[in-house]
Amino acid sequence: MSQNNKPKEPEEVKTAVGEITNAKIKDSQQPKLPWMVSSAMFLAPLCWYGPIGSTRSVLIPQLFSQIDPAQKVWAVGILATVASIVGAVANLLFGAFSDVTRSRFGKRKPYIVLGTIAIAISLVVIANLKSIPAIIGVWIIAAAAENAIAAAIYPQISDRVAPKWRGTVSTFYGVGFTIAQQGFALLAAQFLGNVKFGIYTMAACTVVLAIIHELLIQEKGNLDEPKVRLDKDTLKKYFFFPTHDARDFYLALTGKFFMVVGSTIVTTFLLFLFTDYIGQNTGEAGKSISIFSMIMLVIGVAFALIGGPLADKMKRVKAPVVIATFALGAAALFPLFVQKPWAMFAYAVVAAFGNGLYNSVDGALNMDVLPSSDTAGKDLGLINLANTLGQMLGAMVASAIVEGFGYHAIFIFAVGMEIIGGIAIAMIKRVR
C-alpha cells in the first residue's frame with residue numbers, strides 16, 4: 001500500500017479520565033449522550049452471553065447428568081475446553097475481519113446477524129441430541145458463533161462513542177452483562193425439570209434480543225470507508241498481536257484472564273456445588289440456584305449502575321476494577337470454609353458487588369488501553385480472548401481439581417487467581 005493510500009490515523013483526544021487515547025469520534029462531535037447506542041449496548045450482552053452462557057452453565061450440566069451421570073463432571077470440562085479453543089480462534093479472526101469489512105450493512109452487523117442465526121440453530125439441534133460427543137460437536141459451532149458476535153458487538157462502543165461518554169456507555173453494557181449473567185441463569189434454573197424446552201427458550205431469546213439490538217444501534221453501511229489492501233503491513237496491523245505502545249493493554253488482558261479463571265471455576269459447577277458439595281437434591285439445588293442468581297442479579301445490577309458514574313466523577317477507572325477483582329477472591333473464602341447453602345449465598349453477595357463493579361468499569365478501562373482505534377475489533381477480540389481462555393482453563397482445571405482433591409479445592413484456586421488478576425491490573429500506568 002502506498003503512503004498516499006493509507007487511511008489517516010485518528011487524532012489523539014482527551015478521555016473522560018484525563019488520559020490520551022485514540023478515538024474515531026471526538027468529544028466535540030458528540031456533545032450529548034448517544035441514548036440509542038447506549039440502549040443497544042445495554043442489550044448487547046443479552047443477545048449472546050445471556051442465552052448461551054446460561055445454557056452452558058445451567059442447562060447443559062443437567063442434560064449431561066441425565067445422559068451419563070458418572071461422566072458429567074468430565075463432560076462439562078471437555079465441552080468447555082474444546083469449545084473455548086474454537087472460540088479463541090474465532091474471536092481473533094472475526095474481530096479482525098470486522099475491522100476490515102466494508103459492506104452496505106456496515107462492518108459489525110453481518111457477524112452479529114449470522115452469529116445469532118448459528119447460535120439459535122445450534123441450540124435447537126442440541127436440545128434434541130442424546131449423545132454427549134454429539135452435543136460437544138454441535139457446541140463447537142455455537143462457540144464459534146458466540147465469539148463472532150462478541151468480537152463484533154463490543155467494538156461498536158469504539159466506533160460510535162466519544163471518549164467522554166465511554167464510562168457511561170460502559171455502564172449500560174455492564175448492567176446488561178450483569179443481567180445476562182445472573183438473570184438468564186435464574187431463568188434457566190426454572191427449566192431444570194424440562195431442559196429441552198429451556199434450551200428452546202434460550203434460542204428464541206437470542207434471536208429476539210439481537211433483532212432489537214440491531215434496530216437500536218442503526219449501523220450504517222461503510223462502503224465509503226477506505227478499503228484495506230491486504231499486504232504485509234496491513235496483515236501485521238489487523239491480524240497480529242499489537243507491539244507498539246501495548247504494555248498496559250497486555251496488563252489489562254492478563255488481569256482479565258486471571259479474573260475470569262477465578263470466577264469460572266466456581267460458576268461452571270454451580271449445579272454440582274449445590275448437589276455434590278453441599279448435598280442438596282436436584283429440586284433443592286434448583287431453588288438454591290434461583291436464590292443465588294437473584295442475589296447476584298439484584299446486587300450486581302445495583303453496583304453496575306453505581307460504578308460507571310462514580311468512576312467518571314472520581315476520574316478513576318483502574319482502582320474500581322482492582323477492588324472488584326480482589327472482592328471476587330474474598331467471596332470464595334465463604335464456601336471454602338463453610339459447606340452450607342448460606343455460604344454460597346454469602347459468596348453471591350460479595351461476588352455480585354465485584355461483578356457489578358467490574359462489568360461497569362472494565363469496558364472503559366479496556367477502551368483507554370487500546371493501542372489503536374483502527375484495530376479495535378481485533379484488539380478487543382484479544383481481550384475477549386482472555387475471557388474465552390479464562391473460561392476454558394477454569395473449566396478444565398476445575399474438572400481436574402474436583403476429581404483429584406474435591407470441590408473445596410476449587411475455592412482455594414479461585415482466591416489465588418483473583419489476587420494475581422488484581423495485581424496485574426494495578427500495574428497499569430496509563431489509566432488512573
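Residues numbered from 1 in each chain as written. Predicted model: local features only at pLDDT ≥ 70, side-chain atom pairs only at ≥ 80, totals over all residues. Heavy atoms only, no water.

Engineer: Can you walk me through the overall build of the protein in this structure?
Structural biologist: Across its full length, the protein carries 16 helices and two strands. The C-alpha radius of gyration computed for the protein amounts to 21 Å, which stays within 12% of the reference 22 Å derived for 432 residues, consistent with globular compactness. Expressed as a percentage of the 432 residues in the protein, the buried residues total 62%. Restricting to contacts in the protein with at least 6 residues of sequence separation, those with at least 24 account for 85%. With an accessible surface of roughly 16,700 Å², the protein has 68% of that area assigned to carbon and sulfur atoms. Separation between the mean location of the 36 positive side-chain charges and that of the 26 negative ones in the protein comes to 3 Å. (Helix = DSSP H or I, 4+ residues; strand = E, 2+ residues; numbered from the N terminus. Rg over C-alpha atoms; globule rule 2.2 N^0.38 Å. Buried < 20%, exposed > 50% of the residue type's maximum accessible area, 1.4 Å probe, protein only. Contact = heavy atoms within 4.5 Å. Areas by Shrake-Rupley, 256 points an atom, 1.4 Å probe, with all protein chains shown as cover. Lys, Arg positive; Asp, Glu negative; His and termini not counted. Charge placed at Lys NZ, Arg CZ, Asp CG, Glu CD.)

Engineer: Honestly, the packing of helix H9 (residues 247–267) against helix H16 (residues 408–426) in this entry has me stumped. Any pointers?
Structural biologist: When two helices pack together, their arrangement is given by the angle between their axes and by how far apart the axes lie. For the pair H9 and H16, interaxial distance at closest approach is 8 Å and the crossing angle is 165 degrees. The pairing of H9 with H16 is recorded here as roughly antiparallel in orientation. Crossing of H9 against H16: the hand is left-handed. The segment H9 lies against H16, with Leu251, Thr254, Gly255, Phe258, Met259, Val261, Gly262, Ser263, Ile265 and Val266 engaging Ile410, Phe411, Phe413, Ala414, Met417, Glu418, Ile420, Gly421, Ala424 and Ile425. For the contact of H9 with H16, the per-class residue count stands at 14 nonpolar, five polar and one charged. (Axes fitted to C-alpha atoms, helices over the stretch in contact; angles between N-to-C directions. Parallel < 35°, antiparallel > 145°, perpendicular 65-115°, else oblique. Left-handed = near helix turned anticlockwise from the far one by under 90°. Nonpolar A, V, L, I, M, F, W, Y, C, P; charged D, E, K, R; others polar.)

Engineer: Mind showing me how you'd approach the side chain of Asp248 here?
Structural biologist: Inspection of the secondary structure assignment puts Asp248 in helix H9. In this structure Asp248 comes out as buried when scored by relative accessible area, which is 6%. There is a polar contact of 2.8 Å between the side chain of Asp248 and the side chain of Arg247. In this structure the side chain of Asp248 is engaged in a polar contact, spanning 3.1 Å, whose partner is the backbone nitrogen of Lys429. (Polar contact = N/O pair within 3.5 Å; in protein donor to acceptor, adjacent residues only side chain to side chain.)

Engineer: Can you help me understand unusual backbone geometry in this one?
Structural biologist: It is generally the case that most residues other than glycine have a negative phi and that most peptide bonds are trans. One non-glycine residue, Gln218, lies in the positive phi region at around 50 degrees. The topology assignment puts Gln218 in the loop between helix H7 (195–217) and helix H8 (232–239).

Engineer: Please clarify how helix H1 (residues 35–67) should be interpreted in this entry.
Structural biologist: The periodicity of an α-helix, 3.6 residues per turn, causes residues three or four places apart in sequence to face the same way. For H1, with 33 residues, the first-to-last C-alpha span of 46 Å sits near the 48 Å given by 1.5 Å per residue. Where H1 bends most, at Arg56, the angle is about 40 degrees. In terms of burial, H1 is largely enclosed, as 26 of its 33 residues are buried. (Expected span 1.5 Å × (residues − 1). Bend = angle between axes of the 7 residues up to and from the residue.)

Engineer: Would you explain the nonpolar core in this entry?
Structural biologist: Proteins that are soluble and globular tend to have nonpolar side chains buried together. Ranked by size, the top nonpolar core spans 130 residues in total, and within it Phe64, Trp139, Leu273, Phe274, Phe292 and Phe411 carry the most contacts. Per element, the largest residue contribution to this core is 15 residues, and it comes from H1. For Trp139, the contacting residues outside a window of four places in its chain are Ile52, Thr55, Arg56, Ile60, Leu79, Ala83, Leu123 and Ile126. (Core = buried A, V, L, I, M, F, W, Y, C linked by side-chain atoms within 4.5 Å.)

Engineer: Any chance you could explain the environment of Arg316 here in plain terms?
Structural biologist: Position of Arg316 among the secondary structure elements: in the loop between helix H11 (282–314) and helix H12 (318–331). Spatially, the C-alpha atom of Arg316 lies 9.3 Å from that of Leu365, the residues being 49 residues apart in sequence.

Engineer: Just to check I follow, could you spell out the packing of aromatic side chains for this structure?
Structural biologist: The description of an aromatic ring pair rests on the distance of the ring centres and on the angle between the ring planes. In this structure the tally under the stated criterion is 15 aromatic pairs. When the centroid spacing of 5.2 Å and the interplanar angle of 75 degrees are considered together, the rings of Phe249 and Tyr250 count as edge-to-face. Using a relative accessible area of 0% as the deciding quantity, one classes Phe249 as buried. Within the aromatic cluster, the residues linked to one another by ring pairs are Trp48, Tyr49, Tyr154, Tyr173 and Phe177. (Phe/Tyr/Trp six-rings, centres within 6.5 Å; stacked < 30°, edge-to-face > 60°.)

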